[in-house]
Structures are given as C-alpha cells and as structure tokens.
Amino acid sequence: MADEKAPLLNYRLTLSRESINASSEIVGKDGRCCPQGKTPKKLGVIFGVVIPTFLSMFSVVGFLRIGFVVGQAGLYQSIVMFLVAYFIIIMTVLSVCAISTNGALAAGGAYYMISRALGPEFGGSIGIMFFFANVCGSAFYILGLVEAVTSAFAIPEDLEANQAGPYQVLPSGYWWHVLYGTVLLFLCLIVCLVGAHIYAKATFVIFIIVTTVLASVLISFFIVKPKGVILPIHSGVNATGQIGANYTRLRLRTLESNLWPDYTVDYTTGAMMSFTTVFAVMFNGCTGIMAGSNMSGDLKNPSYSIPRGTLAAVVITFITYNLMSLLAASSCERCLLQKDYSFLADINIWKPLVTIGIYSSTMSAAMSNLIGASRVLYALSKDSLFGGVLLAFARKTSLSGNPWASVLISWALAQVVLFSGKLNTIAGIVTISFLLVYAAVNLACLALEWASAPNFRPSFRLFTWHTCVLGILGCLVMMFMISAIYAFASIAFMLLLLLLIHYLCPTNNWGYISQALIFHQVRKYLLMLDVRKDHVKFWRPQLLLMVANPRSATGLITFINDLKKSGLFVLGHVQLGLLDGLPTDPLQNCYDSWLSLVDHLNIKAFVNLTLADSVRHGIQNLLFITGFGGMRPNTLVLGFYDDCTPEDLLEGKTNAHGEQRLSFPNLRRVKETKHLQAEEYVSVIADAIKMGKNVTLGRYFDHLNREEVVGSGHKCWARSRRTGPFVDVWPLNLLRPDNCGYVDTCSLFLLQLASVLHESRAWKQTRLRLFLCVEAGWSLQAEEEEKLRGMLKELRISAQVETVAWDQVVALHWQRKRENETGSRKPDEQVEKEVELIEEEEGMHKEQEEEEAVEDGVQRFPNNAAQLTDEYISAVNRLIRQHGAPPPVVRFLYLPRPPADTNRYQAYLQQLDLLCRDLGPTLLIHGITPVVTTQL
C-alpha cells in the first residue's frame, strides 16, 4: 500500500516545488525578474540595509543641525523632539518589518508594500508621494552639502575677495549656489547610473569615513581645550557687535544655560523659529528609515535583511543623536549653537576631518534618496498605474537591470527643487511628505491586521494594531503641527491621485485589502442582524429576480434595481441539469458573464446561480438558500409568461472594460418550445407564497424607456402638477370583484412598492395616481374616497386619487355569475337586485373565508370560486387603458393568489394575460407581508 502511494506523493511534492518556484520568482537587480541560472541579487543586511539607512538618517542633521536644534529648542525640548520623532519612526519600522516579512518583496520599497496591501489606488497615490519625497530629500541633502561647502570655501557676499580667508575662493550668491548644487547632484547621477552595486560599494567607503569622523567628534568634546570660536560673518551677528562665542568643554554651568528653549531668527532664512519649524528640520534626520526598503529589489533576502538592518540603524542613530545633543549642550554657549551651524568642525581635533564627514554623509544621503526615488518610479511604471509616455519611458533599463530612465527623471526633478535655494526652506515639505508615507505604511499594516486574513502571518511579530494606530496618529498630528497648509495640500494631492488611478481602472492580481476588510466587517454585522428584531418600520424590499436569459430582460433588471430602495437585490438563474456525470460545475464559468452584466448595467446586485433538474426546483432552492441571516429575499420577481417573441437587448454590447464578456445563450426562436411550462410557472408563484414570499410579475418592461423618465426630471418643474410622468396604482383585486375591499395586506404592499419607486432618485419626478373603483351614485362614494385619502396621509404617501365608475364592467361579472347559477338570463332590473343581494351575501362570508384560509396552522389557498369570463376581464383591461391618460410610465396591479385547484392554473394564467395585455410596463404584485405602519 505504501509503495502504491509513493509515486503519488513524489508527484505532489514535485508539483509543490514547481508551484513555489513559479510563484516566488527570482528577482534580479532593481526588481527585475531573471530566469534561473542568472546572477540573483547580492546585497545583504550590512551593505544593503544598515549602511544606507544609517547614512541617510545621520547626515545633514548629525553634522550641520545638531547645534541648530539644541541652540533653538534647548536640551529638554531637543530630547522631546527626538523621542517624538523616534516614537513615530519605531512604530513605522515595526509596520515595515511586519509587511516585509509576510512575503516576497520586490523593487519599490514602501510603494510595493502599500500597493500590494491596500490595492492600486491607495498604493499608487502614496507611491507618487513617496517618489516626490525622495526627490525633495535628495535636493535637501545637496543643499545641505552646498551650505557646508560655501561656509568653508565661498567668499561672503558682503566681503570683497581681498578680505576673505585663505580658503574662501569660491564666488557666492544664489545662482552660484544653484550651480554648486547642480554639479554635486550630477556626481550623484553618475554613481546612480552605474548601478546599485557601485552605490553599495561607495556607501561602504563613506560609512567608514563617517564613523571615523563621528568618533573624532565625540572624542573632541572630551579632549579639546576651551577656546573662542569666530562666528561666520554671514550669520548676521555684526549688528550686535558679537563676532565670537566660547567653547567651554564639558561644564555644568554651560549645560544649565542650554536646558531651556530660546527660539530666535534662523540666520540662513531670516525666519523666526518655533518648536514645529525646528522639529521639521530635525525630523529630516529620521526620514532615512526607508533607505534599506528602497533597495528591496537589490537585496538577497529582503524579508530577513530589512527588519534587522532597519532596527539596528534606528537604534544606533537614536543613541548617537541624543549623545551628541547632550555633549553639545554641555560644552558650547547658546550663541555658538545658534549662529554657527558648522561649529563641530571648529571644535574638532582636526577641522578638515569634520568637513570630509559632512561632504561624505550628505553625498551618500543624496545618492540614497535619488536611487530610492528612481526605484519607486520604476516600480510605478512597471505596474502601469498611470500610463502615459513618461512612465513608459521610465521602464527602460540597462543590460544589468539598472532603470537608467527612472534615474534621469528623478535627477531632473531634484534639479528643479534645487532652485528653492535654502535647506530650511524645503525641510517642512520633505518632512510632511515622508510623514504621509509613514502614516500610509502604518495604515497598510493596520488594515492587514484588522482584516485577519489567514495569509497575513509575518515572521516578525513585535507589533500590534495598537502600534499601527499610534504610528498613524503620530504622523498626522506632527504633519499638521509643522504646517497645516502643507499637510492639507499633501492629503488633497494624494486623494486627487487616488481618484485618478481609480478612474483609470488598472487591472491587477495583487488582491485588495478593502475586500478582506469588507468581508470581515460584513460577517460581523450579518451575525448582529437578528431576524428576531425585525420591525415593520424598517422593512425594505429584498428582491430575488429570476432571469432566464438576460438578453431580453435588461429593462426589468434595471427597473427592479430602482425598486430595491437600498435593499438586497439578487439576480437568480436556474440552469437545467445535474452534476451526475459532469466533470466540473458548469456554473463556475458563467459567473464572469453575469458579473460583467452587473457592471454593464451599472446596477447594485448580487448573482446567484443554481443547477437543478427543473426550473421550479431551482427557484425553490434559491428561495431557501439565498442570503445570510437577516439579509434574505422577501420578494420573488418573475418575468411574465406569454408568447411574445423575445428581443435581444445585449447584441453587440461589451462589459465596463470594453471586452466582449457578455456571453449568454441565444434567445428562444418563435417556434421553439419553452423550458418552463405554464403549469410549472404558476406552481412557482404558489410555492413562493407558501414559503412566505411576496410575488411580483413584470410584463412589457422591454418597452420601458428609463432614460426618458430620468431625463424628464430636468423639465419636471416646468410642468403642471397634474401632468406626467405618472405611475398608476390599482389597489383593488380586479379579478375578484366580489371582494371590493381596498385596505388589505396585499393592497398596502402594492402601495408601499409604488412609494418606494417614487422615492428612488431616478423616479423622483414621477407622480403616483391611485385609482378608486366605485359604482356611480353610490351613497358612500365620497366617504370611501375621503377614507382613502386619510389613509394615504397617515402613511405619508403622496398620491393623486381618482375615482373610476365601473358599473358596466362589474355588472358583466354579476350577470354571468347569476346566469351560471340559474342557467337563464334575467332582465336588467332583476340583475341589479340580485347583484345587491349577492354583495350582501359575499360580505357576510368574507370573515368566514379569511378564517378558513388558515387551518391547523398551515396556510392554504382560498377557494376563489368566482367564475370570471374573458368578456369581463377584457372590459377591465379596457377600463384601465381608458383611465390612463396621459399614459403612465408603469402600472401597479393587484395579483390574486393562484387557485387551489392545480387544474385551473392554465385558466389563471390566461386571466392574468387578458388583464394586463397591451398595458405597457406593468407589475402584478401579491404581498403577504405587513410593510406599513403609522407609528413613529
């Protein structure tokens, strides 16, 4: 037995390996797929994540803005700023680690995480924001490098060349600064064009330099003796006469003087500083956490490298920043910190060493942001979310897989940002952009956690939904604290991009987190939707529309969609056959066409198909099983059973994406027999009533011009209140003239449906016309009409009541009935007297019939013994048409119960056919559910 199972087991293992290899594609450099046998990605934890992240986080802020932060905010607020910033960063890093360890991570970093978690709309919009944030970040670091170069080597604008120092040889001014930035950015471009492997090697060399410089800075605070430092001439301190400040080495008195904030004017921009503006500059030292994630397409094992490398870099930089802040506050006067941002070079054991560190770290950070921006743009172009020539060009890569076109586009945009001129000017924009991206990453992780999808099981588990929420709130709060205008503008721009992508309707197979969240919430609320708590006040139509072939039923489908009043709408279909002998379920391939039909008609409906040996059994199955809990159909809708030749209304139509996917069988030809016989059709109606469902039959809805009804709304105000379009309601059971009551469950149900249709948006301009059938000269006519108007007022239904004299019509029924009973024809006077007697007799037996309708708790059909003639029914049909001026858009008629005797089903159907023949779009309605109330 084991030997027999061994080949099967080996075969399954082989298939498993093949499927794993197929789904986990080997991604080459920069996220490109490469076949097996070629060189895969090479970067590991240190070179791919730790070094890029550390250099991006510790650059301009570390060497050029520590003094600025401590000098303006004081040590206490500086530590608070770092705690707040790193709290946000840590929460985001936990989310990044969770997402990155939940599956294969390709090129694109944060964009790839967000798009695959939240779907293309959210992911694409955030991807563009992340791209611009990286572009601005690259320009930010270049401006910081320009500031360092010009402070050391440029001639101040207010000095002549012969007054400058021995090393100040470069000309100064706005355009010269732009030129220096352009040259430095071009050097970054050259490195990024060569490829990620050269960038990784360059960053390693820079990392060695920066760590050496950082060690020298920390040592200098302890070994360099106190001295005076000459402040930069361009710092604007000559007005006070102060040209120098003191470095005291580690002194308690110096520390005490730097504990509290002292916000002044920033000498580089001339703007007054505050907590939020200083935080905006400082936070740029924390925005490099995505540097490792951006290299995801070049990492050997992203799921392993990103969490470990990013957390290590974050911890190292946090300790370094706080240690440097403490040492600077303990050894430098406040004036030195506020007026000389390059003071670390002045107090170092060897001044050029700090300058080399600043140049190296800022160049590395600029390259990191530039290459990160190019990878995000390349990922966006591969996903084709926006299309267009620009993104098509961005897909171009070199033979080694480097997206050189994306690098060029990123470089060009960074060049544009350089024209801002000052580092602190764009700091707020860069910070807000990164905060928005970080908030989106936390949101993506939160959505995955809340969705409780079985496939979300990251190997990194040091996170909860609480950390995600805290990360989101922290990012949003700091965004609006830094600049409410920039924050609103960024969010508005992101939403605009989201709508643009949604409009373009990209097709992908990433999966949508929205679907998982909706499923999770719907399941929870369906369990809470208790049918035992249903109340008539909150009744709404929940409709199951049975469709034999949608090609001829589009008019009825769209009409019922208007009639649902935010209720459940299900399209049902029965395919004849049995699963016995079939290899697969034949219905699975049909769902695409039906769902495409829903998209094409722009309706809000579910689709439920079933396989059965007969249409009747199939409809029974659907009525039994359709829906969940309190969301089950309460009304069955059928097309009318007649001999009309169906018309194809879907010929040449396509779905919402322009594809020919509305593939339904051809319509029945003129002489072809129907799958459903007349007796079975009436049995379906009887079955639904037995199951406690309301029944509605729709006829002539292929003649309904809905666009004309909707378009008439623009002209409605110019029309008289007594002109159309009208919806006519006949609440009397016209096939039982011996039962003339208006107020019963069925007639109220009919009124409710007509009111529901009138309240729908497309039918707001229509007016309800309610017809009251009375006998001319009847003494109680005015009283009955007033009673009906009062009932409509209590039910809050606005309708135009019209009385219809039908003496001649109803006389045909009584005359023929008496003839059948006596076998002879009576004079007219005698007929009138007998009619009065019969009416009294019918009224006496009315209550008895209602009691007999329920016997031993089982509902059965009434006897319905009245003998109806074609002459009478044709007269009723003419009466309805005569009182339909102007012609209504649709008519609502009372549908009587099927007869108890199944032998009379054929006659019953013929009577319905005569009743509504040539009336235009008509609904025959039989309601058994109480649906109206006068209570508040």
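Residues numbered from 1 in each chain as written. Predicted model: local features only at pLDDT ≥ 70, side-chain atom pairs only at ≥ 80, totals over all residues. Heavy atoms only, no water.

1. Looking at the overall build of the chain
Rules: Think of it this way: any DSSP run of H or I at least four residues long counts as a helix, any run of E at least two long counts as a strand, and we number them from the N terminus. For the exposure calls, accessible area comes from a 1.4 Å probe over protein chains only, and a residue counts as buried if that area is under 20% of its type's maximum, exposed if over 50%, partly exposed in between. Two residues qualify as a contact provided that any one of their heavy atoms is within 4.5 Å of a heavy atom in the partner residue. Under the convention used here, a 1.4 Å probe and the Shrake-Rupley method define accessible areas, while residue burial counts only the protein chains that appear.
Each helix and strand counted, the chain has 31 helices and 14 strands in total. Residues classed as buried in the chain amount to 53% of the 936 residues present. Nonlocal contacts in the chain, meaning residues at least 24 apart in sequence, comprise 81% of its contacts between residues at least 6 apart. For the chain, the accessible area works out to roughly 43,600 Å², and carbon and sulfur atoms hold 59% of it.

2. Structural notes on the packing of aromatic side chains
To keep it simple, the criterion reads: The criterion for an aromatic pair is that two Phe, Tyr or Trp rings (for Trp, the six-membered ring) have centres within 6.5 Å, with stacked assigned to planes under 30 degrees apart, edge-to-face to planes over 60 apart and tilted to the rest. Put simply, a charge is over a ring when the Lys NZ or the Arg CZ is close to the ring centre, within 6 Å, and near the line of the ring normal, within 35 degrees.
Per the stated rule, a full pass over the model turns up 26 aromatic pairs. Their ring planes at 40 degrees and their centres at 6.1 Å tell us that Phe434 and Tyr438 sit as a pair that is tilted. One end of the pair is Phe434 and the other is Tyr438, both in helix α17 (residues 423-451) and four residues apart, which spans about a single turn. Taken as a pair, Phe434 and Tyr438 share a single burial class, namely buried. Pairing Phe480 with Phe488 gives two aromatic rings, centres 5.0 Å apart and planes at 75 degrees, and the pair type is edge-to-face. Three or more aromatic residues joined by ring pairs form one cluster here, namely Phe68, Tyr267 and Tyr341. Over the face of the ring belonging to Phe68 we find Arg65, whose NZ or CZ atom lies 5.9 Å from the ring centre. Here the guanidinium or amino end of Lys524 rests over the ring plane of Tyr525, the centre of that ring lying 5.4 Å away.

3. Regarding the packing of helix α23 (residues 615-625) against helix α24 (residues 678-690)
For clarity, the threshold we go by: A fitted line through C-alpha atoms serves as each axis, taken over the contacting stretch for helices, and the angle formed by two N-to-C directions is quoted from 0 to 180°. These descriptions rest on fixed angle ranges, namely under 35 degrees for roughly parallel, over 145 for roughly antiparallel, 65 to 115 for roughly perpendicular, and the rest for oblique. Helix crossings fall into two classes, left-handed where the near helix is turned counterclockwise from the far one by less than a right angle and right-handed where it is turned clockwise. Classification convention: Asp, Glu, Lys, Arg as charged; Ala, Val, Leu, Ile, Met, Phe, Trp, Tyr, Cys, Pro as nonpolar; all other residues, Gly among them, as polar.
Direction vectors running N to C along α23 and α24 enclose 20 degrees, while the axes themselves pass 9 Å from each other. Considering the angle they form, α23 stands roughly parallel to α24. Crossing geometry of α23 relative to α24 is assigned as right-handed. Between α23 and α24, the residues in contact are Val615, Arg616, Ile619, Gln620 and Leu623 and Glu680, Ser683, Val684, Asp687 and Ala688, respectively. Of the residues contributing to the contact of α23 with α24, the split by class is five nonpolar, two polar and three charged.

4. A few points about the nonpolar core
The test is simple: Nonpolar core, defined: a set of buried Ala, Val, Leu, Ile, Met, Phe, Trp, Tyr and Cys residues in which side-chain atoms within 4.5 Å join the residues together.
Judged by nonpolar contacts, the single largest core of 153 residues is most densely connected at Ile142 and Leu344. Element by element, the count of residues in this core is highest for helix α3 (residues 60-100), at 22 residues. Residues in contact with Ile142, not counting those within four places in the same chain, are Gly181, Leu184, Leu185, Cys188, Met363, Ala366 and Leu418. Counting residues in hydrophobic clusters, the runner-up holds 58 residues, among them Phe559, Leu597, Ala605 and Leu768.

5. Describing empty space enclosed by the protein
Rules: The way it works is a 1 Å grid over only the protein atoms, where trapped points that fit a 1.4 Å probe form a cavity and open points with protein on both sides within 12 Å along at least five of seven lines form a pocket, and then any residue with an atom within 4 Å of a point lines it. Grid points are joined across faces, edges and corners, and a volume is the space filled by probe spheres set on the points.
Under the defined criterion, the tally for this structure stands at three cavities of 30 Å³ or more. Quantified by volume, the second largest cavity comes out at close to 70 Å³. Secondary-structure elements contributing two or more residues to the lining of the second largest cavity are α5 (120-153), α10 (291-294) and α14 (351-383). Per-element tally for the lining of the second largest cavity: the top contributor is α5, with three residues.

6. Quick notes on helix α6 (residues 174-194)
What counts here: Here the expected length of a helix is defined as 1.5 Å per residue gap, with one fewer gap than residues.
Over its 21 residues, α6 extends 31 Å from the first C-alpha to the last, a length consistent with the 30 Å expected when each residue adds 1.5 Å. Regarding α6, the residues found buried are His177, Val178, Tyr180, Gly181, Leu184, Leu185, Cys188, Leu189 and Cys192. In this structure, the buried side of α6 is in contact with α5, α14 and α16 (404-417). Positive backbone phi, at 140 degrees, marks Gly195, one or two positions downstream of α6.

7. What about the side chain of Asn561?
Threshold: Between N or O atoms, a polar contact is any pair within 3.5 Å; within protein, one atom must be a potential hydrogen donor and the other a potential acceptor, and residues adjacent in sequence are included only when both atoms are from side chains.
You can see Asn561 is positioned in helix α21 (residues 554-563). Its relative accessible area of 12% is what places Asn561 among the buried residues. Of the polar contacts made by the side chain of Asn561, one reaches the backbone nitrogen of Lys604; its length is 3.1 Å. In contact with Asn561, other than residues within four places in its own chain, are Phe569, Asn602, Ile603 and Lys604.

8. Some thoughts on the pattern of salt bridges
Counted only if it meets this: What counts as a salt bridge is simple: a side-chain nitrogen of Lys or Arg found within 4 Å of a carboxyl oxygen of Asp or Glu.
In the structure shown here, the tally under the stated rule is 10 salt bridges. Between Arg699 and Asp642 there is a salt bridge, and its shortest N-O distance comes to 3.3 Å. Here the residue Arg699 occupies a position in strand β7 (residues 694-699), and Asp642 occupies one in the loop between β6 (635-639) and α24, the gap between them amounting to 57 residues. For the pair Arg699 and Asp642, a shared accessibility class is recorded, and that class is buried.

9. Examining the packing of α5 against α16
Where α5 meets α16, the closest approach of the two axes is 8 Å, and the angle between their N-to-C directions is 60 degrees. One finds that α5 runs oblique with respect to α16. Judged by the sense of rotation from one axis to the other, the crossing of α5 with α16 is right-handed. Packed against α5, whose contacting residues are Phe131, Phe132, Val135, Cys136 and Ala139, the element α16 presents Ser410, Leu413, Ala414 and Val417 at the interface. Looking at side-chain class alone, the contact of α5 with α16 contains eight nonpolar, one polar and no charged residues.

10. Overview of the environment of Cys916
Following the sequence through the fold, Cys916 ends up in the loop between α31 (905-915) and β14 (922-926). Measuring from C-alpha to C-alpha, the distance between Cys916 and Tyr700 comes to 9.5 Å, with 216 residues separating the pair along the chain. Dropping the residues within four chain positions of it, Cys916 is found in contact with Phe640, Arg699, Tyr700, Asn877, Leu893, Thr922 and Leu924.

11. Remarks on the sheet that holds strand β8 (residues 726-730)
What counts, and what does not: Note on pairing: DSSP must find at least two bridges between two strands before they are called paired.
Strand order in the open sheet made by the 10 strands is β5-β4-β3-β6-β7-β14-β13-β8-β9-β10, with mixed pairing throughout. Since the sheet does not close on itself, it has two edges, and those belong to β5 (606-612) and β10 (799-805), each with one partner. Strand-to-strand, the axes of this sheet are offset by a mean angle of 25 degrees, without reference to chain direction. Sheet strands in contact with helix α30 (residues 870-882) are β8, β10 and β13 (890-894), and its direction is about 140 degrees off that of β13.

12. A few points about unusual backbone geometry
The phi torsion at Lys565 lies on the positive side, around 50 degrees, for a residue other than glycine. Of note, Lys565 is situated in the loop between α21 and β4 (569-576). For Lys565, a relative accessible area of 37% corresponds to the partly exposed category. Positioned with a positive phi, Tyr700 is a non-glycine residue whose angle comes to about 65 degrees. With respect to the secondary-structure elements, Tyr700 resides in the loop between β7 and α25 (706-711). Judged by relative accessible area, which is 12%, Tyr700 ranks as buried.

13. Some points on the environment of Asp918
Counting through the fold element by element, Asp918 comes out in the loop between α31 and β14. Overall, the relative accessible area of 53% leaves Asp918 in the exposed class. Between the alpha carbons of Asp918 and Asn877 there is a distance of 8.7 Å; along the sequence they are 41 residues apart.

14. With respect to a nonpolar patch on the surface
Rule in force here: Distance thresholds for patches are 9 Å for like charges and 5 Å for nonpolar side chains (Val, Leu, Ile, Met, Phe, Trp, Tyr), applied to residues having over 30% relative accessible area and no salt bridge.
Judged by side-chain polarity, Ile219, Phe222, Ile223, Leu250, Ile349, Trp350 and Ile356 come together as a nonpolar surface patch covering roughly 660 Å² of accessible area. No other element matches the three residues that helix α7 (residues 196-223) contributes to the nonpolar patch.

15. A closer look at the pairing of β4
Heads up, the condition is: When the strands point away from the viewer, a crossover counts as right-handed if the route from the first strand across the helix to the second turns clockwise.
Within β4, six of the eight residues are buried, which leaves it mostly tucked inside the rest of the structure. Here strand β3 (residues 543-546) pairs with β4 via four bridges, running parallel. Within β4, the residue paired with Leu544 across the bridge is Val570. In the classification by handedness, the crossover that spans β3, the intervening α21 and the parallel β4 is right-handed. Assessed by its sense of winding, the connection that carries the chain from β4 through helix α22 (residues 591-601) to β5 is right-handed.

16. Observations regarding the confidence of the model for the chain
Put simply, the rule is: The pLDDT value tells you how sure the predictor is about a given residue, anywhere from 0 up to 100.
Mean pLDDT over the chain: 79, with 79% of residues reaching 70 or higher. Note that pLDDT drops below 50 for residues 824-828; the model gives that stretch six contacts with residues more than four away or on any other chain. Note that residues 841-866 has pLDDT below 50 and, in this model, 28 contacts with residues that lie over four places away or in other chains.

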